[in-house]
Amino acid sequence: YDLLVHGKATKTAMEATLKLDEAREVEVAKLKFNRKALGKTFKADQRVVANALEGLAENWKDFEPIATALETDGKTTVDGFEIMKDMLTWKKSSKKVHEIKFTPSVI
């Protein structure tokens, strides 16, 4: 928690990196935003919403429930914001990962 707060305040990435011996294939979601619809609905919070969705799109397992809800219901909620299906498009793809970035715990 301390490093996350400090990183946001200083706008510096406080992450550790674990290099992998062999590259791994990871399934991700490629997002394309409808900036006009996002801006009209969320105004100043547009960047917050986009960052939250991009964070979830880094791993398909995290984004899949959102994609399913958008397909079936046409809307879903992410971090307290209601997202409509027309605000973004996505495509499932895979990418090779050579390192894993994470925020270490501080005790």
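Scroll up for the structure.
Residues numbered from 1 in each chain as written. Predicted model: local features only at pLDDT ≥ 70, side-chain atom pairs only at ≥ 80, totals over all residues. Heavy atoms only, no water.

Student: Could you clarify how one ought to interpret the packing of aromatic side chains in this entry?
Tutor: Applying the stated rule across the entire model yields three aromatic pairs. Centre to centre, the rings of phenylalanine 42 and phenylalanine 81 are 5.5 Å apart; their planes meet at 85°, and the pair counts as edge-to-face. Highlighted residues: phenylalanine 42 in helix α2 (residues 35-42) and phenylalanine 81 in strand β3 (residues 81-84), separated in sequence by 39 residues. Of the two residues, phenylalanine 42 and phenylalanine 81, both sit in the buried class. Measuring from centroid to centroid gives 6.0 Å for phenylalanine 63 and tryptophan 90, while their planes differ by 70°, and the two rings are edge-to-face. Remark: tryptophan 90 occurs in strand β4 (residues 88-102) and phenylalanine 63 occurs in helix α4 (residues 60-73); sequence separation between them is 27 residues. Relative accessible area serves as the criterion here: at 0%, phenylalanine 63 is assigned to the buried category. (Phe/Tyr/Trp six-rings, centres within 6.5 Å; stacked < 30°, edge-to-face > 60°. Helix = DSSP H or I, 4+ residues; strand = E, 2+ residues; numbered from the N terminus. Buried < 20%, exposed > 50% of the residue type's maximum accessible area, 1.4 Å probe, protein only.)

Student: How should I be thinking about the pattern of salt bridges in this particular structure?
Tutor: Pairing is possible between side chains that carry opposite charge, provided their charged atoms lie close to one another. According to the stated counting rule, one finds five salt bridges in the structure shown. Among the ionic pairs, lysine 92 bridges to glutamate 27, the shortest N-O distance being 3.5 Å. Linking lysine 92 in strand β4 with glutamate 27 in strand β1 (residues 16-33), this pair joins segments that are 65 residues apart in sequence. Overall, lysine 92 belongs to the partly exposed group, its relative accessible area being 43%. For the salt bridge of lysine 85 with glutamate 71, the shortest nitrogen-to-oxygen distance reads 3.6 Å. Residue lysine 85 is located in the loop between β3 and β4, and its partner glutamate 71 is located in helix α4; the two are separated by 14 residues in the primary sequence. (Salt bridge = Lys/Arg side-chain N within 4 Å of Asp/Glu carboxyl O.)

Student: Please explain the side chain of serine 93 as it appears in this structure.
Tutor: Structurally, serine 93 is set in strand β4. Classification of serine 93 as buried rests on a relative accessible area of 19%. If we ignore the near neighbours within four places in the chain, the residues touching serine 93 are Val26, Glu27, Val28 and Lys30. (Contact = heavy atoms within 4.5 Å.)

Student: Help me out: how do you make sense of unusual backbone geometry in this one?
Tutor: Glycine aside, residues mostly have negative phi, and peptide bonds are mostly found in the trans state. Of note, the phi angle at lysine 11 is positive, near 55°, even though the residue is not glycine. Here lysine 43, not a glycine, exhibits a phi torsion of approximately 50°, which is positive. Look at lysine 43 and you get exposed, because its relative accessible area is 61%.

Student: Even after reading the chapter, I still don't get the environment of alanine 29, so can you show me in this structure?
Tutor: In this structure, alanine 29 sits in strand β1. If we skip the residues at most four places from it in the chain, alanine 29 touches Ala57, Trp60, Phe63 and Lys91.

Student: Help me out: how do you make sense of the pairing of strand β2 (residues 75-78) in this one?
Tutor: It is a general feature of regular strands that their side chains alternate between the two faces of the sheet. Taking every second residue as pointing to the same face, the buried face of β2 carries Thr76 and Val78, while none of Lys75 and Thr77 on the other face is buried. For β2 and β3, the ladder comprises four bridges, and the chain directions are antiparallel. Across the sheet, threonine 77 pairs through a bridge with glutamate 82, a residue of β3. Connecting the antiparallel pair β2 and β3 is a turn made up of two residues, with aspartate 79 showing a positive phi of about 50°. (Pairing = 2+ DSSP bridges.)

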